[in-house]
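Letter by letter, the chains look like this.
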Amino acid sequence: MKKLFLAFLLSSSLNCASLYTLDNVHSLNLYFASEADFLDQDKKATLKNMVTEKLTKAGFALGETDASIFVVKIDAIKIQETQAIHIEVGLGEEVIAKRKEKIQTFAYTYLENKFIKTQDPYTQTVTLLGTLVDAFIKAHKEDNE
């Protein structure tokens, strides 16, 4: 199971830089998922609040009906004295795939992730998550200028 998880993490971090279209994204719903043992309920709440504050300060409306979904996923496994942490930030939206017939589906229209190994998992998670959210906000700002 651990080998499969690590293989997934490594393959997802090999993605090349992609172009994302974040034009006219104004309202978001936050989805926060964590499979990290070092995050208790209070720490998860702190991380959610940090993300919410950053997005609100950047001008996003949160909690509206039919909004795009801002996804935060944190996974971690303990390897001896350290934690291997994978953090993913994405934007999920309903889109129409142009195939033989137009198909309405749910897709990530923005996705960034980082993988780290650390002995201070919570502090590093706060820092890295903040960096990923800031990168999303910067990409959104650049697309909407």
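Calculation notes
Residues numbered from 1 in each chain as written. Predicted model: local features only at pLDDT ≥ 70, side-chain atom pairs only at ≥ 80, totals over all residues. Heavy atoms only, no water. Helix = DSSP H or I, 4+ residues; strand = E, 2+ residues; numbered from the N terminus. Buried < 20%, exposed > 50% of the residue type's maximum accessible area, 1.4 Å probe, protein only. Pairing = 2+ DSSP bridges. Contact = heavy atoms within 4.5 Å. Axes fitted to C-alpha atoms, helices over the stretch in contact; angles between N-to-C directions.

Please clarify how unusual backbone geometry should be interpreted in this entry.
Leaving glycine aside, a negative phi is the common case for residues, and trans is the common case for peptide bonds. The phi angle at Asn-24 is positive, at roughly 60 degrees, despite the residue not being glycine. With respect to the secondary-structure elements, Asn-24 resides in the loop between α1 (2-12) and β1 (27-35). The exposed category is assigned to Asn-24, whose relative accessible area is 63%. Residue Asp-66 is not a glycine yet carries a positive backbone phi of 60 degrees.

Can you walk me through the pairing of strand β4 (residues 82-98) in this structure?
Looking along a regular strand, one sees the side chains alternate between the two faces of the sheet. When you tally the buried positions in β4, you get 13 out of 17 residues, the bulk of the element. Summarising the sheet, strand β3 (residues 68-79) and β4 pair through 11 bridges and their orientation is antiparallel. Directly across from Ile-69, in β4, lies its bridge partner Gly-92. Between β3 and β4, which pair antiparallel in sequence order, lie 2 residues; one of them, Gln-80, sits at a positive phi of approximately 55 degrees. Bridge count between β4 and strand β5 (residues 102-118): 16 bridges; the pairing is antiparallel.

Which parts of the structure should I look at to understand the sheet that holds strand β2 (residues 61-62)?
Either a parallel or an antiparallel arrangement is found when strands of a sheet pair, and the pairing is made through backbone hydrogen bonds. Taken in spatial order, the 5 strands of this open sheet run β2-β1-β3-β4-β5, and their pairing is mixed. Pairing within the sheet leaves two strands with one partner each, and these edge strands are β2 and β5. Pairing between β1 and β3: 8 bridges, direction parallel. Across the sheet, Ser-34 pairs through a bridge with Ile-74, a residue of β3. Strand contacts of helix α2 (residues 41-57): β1, β2 and β3, with the helix running at about 155 degrees to β1, the strand carrying the most contacts. Sheet strands in contact with helix α3 (residues 121-143) are β1, β3, β4 and β5, and its direction is about 140 degrees off that of β5.

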